[in-house]
Amino acid sequence: MVLMLVEDDGSILTTNNQIKVYTDGNEKFADLIAAIKAARDHVHLEYYIWRNDALSHEMREVLTQRARAGVEVKLLCDGLGCAHLSRHFFDELKNAGAKSRSFSLRCYAS
């Protein structure tokens, strides 16, 4: 992986870092949700695709919980990737104090 990064895009290698390579989306999102739940200062999250499904509802709920707990929550989403959501999908999150913006097309998170 290091060789790929250096050869493909000239990434600069630094020390004292930790990475975890995910090959399973369930494990990745379980770890992400756990990290959000553990956040004490801020959560800044950029995701392209939000759907009206169980995972997106869970993500929205944990972000809302953290915002209610006083954690700074900022969400950036792609307007095309959330174009099929209800215009009120992010209302509770925003009412909890989170900030959200979209790029590309209009997203109801704005």
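See the structure above.
Residues numbered from 1 in each chain as written. Predicted model: local features only at pLDDT ≥ 70, side-chain atom pairs only at ≥ 80, totals over all residues. Heavy atoms only, no water.

**Digging into the nonpolar core**
Soluble, globular proteins show a tendency: their nonpolar side chains are buried together. One finds Ile-36, Val-43, Leu-45, Trp-50, Leu-63 and Val-73 to be the most contacted residues of the largest nonpolar core, which totals 22 residues. When residues of this core are assigned to their parent elements, the largest contribution, four residues, is made by helix H3 (residues 54-68). If we skip the residues at most four places from it in the chain, Val-73 touches Val-43, Leu-63, Arg-66, Ala-67, Leu-93, Ala-98 and Lys-99. (Core = buried A, V, L, I, M, F, W, Y, C linked by side-chain atoms within 4.5 Å. Buried < 20%, exposed > 50% of the residue type's maximum accessible area, 1.4 Å probe, protein only. Helix = DSSP H or I, 4+ residues; strand = E, 2+ residues; numbered from the N terminus. Contact = heavy atoms within 4.5 Å.)

**A short note on the environment of His-44**
Position of His-44 among the secondary structure elements: in strand S1 (residues 42-47). C-alpha of His-44 to C-alpha of Ala-96: the two residues are 52 residues apart in sequence and 15 Å apart in space. Among the polar contacts made by the side chain of His-44, one reaches the side chain of Glu-72 at a distance of 2.6 Å. (Polar contact = N/O pair within 3.5 Å; in protein donor to acceptor, adjacent residues only side chain to side chain.)

**As for the pattern of salt bridges**
Under the definition given, this model contains four salt bridges. Across the pair Lys-20 and Asp-31 runs a salt bridge, and its minimum N-O distance is 2.9 Å. Pair noted here: Lys-20 is in the loop between helix H1 (2-9) and helix H2 (25-38) and Asp-31 is in helix H2, with a separation of eleven residues, a long-range link. Classification of Lys-20 by relative accessible area gives partly exposed; the value is 45%. For Arg-68, the salt bridge is made with Glu-92, and the minimal N-O distance between the two is 2.9 Å. (Salt bridge = Lys/Arg side-chain N within 4 Å of Asp/Glu carboxyl O.)

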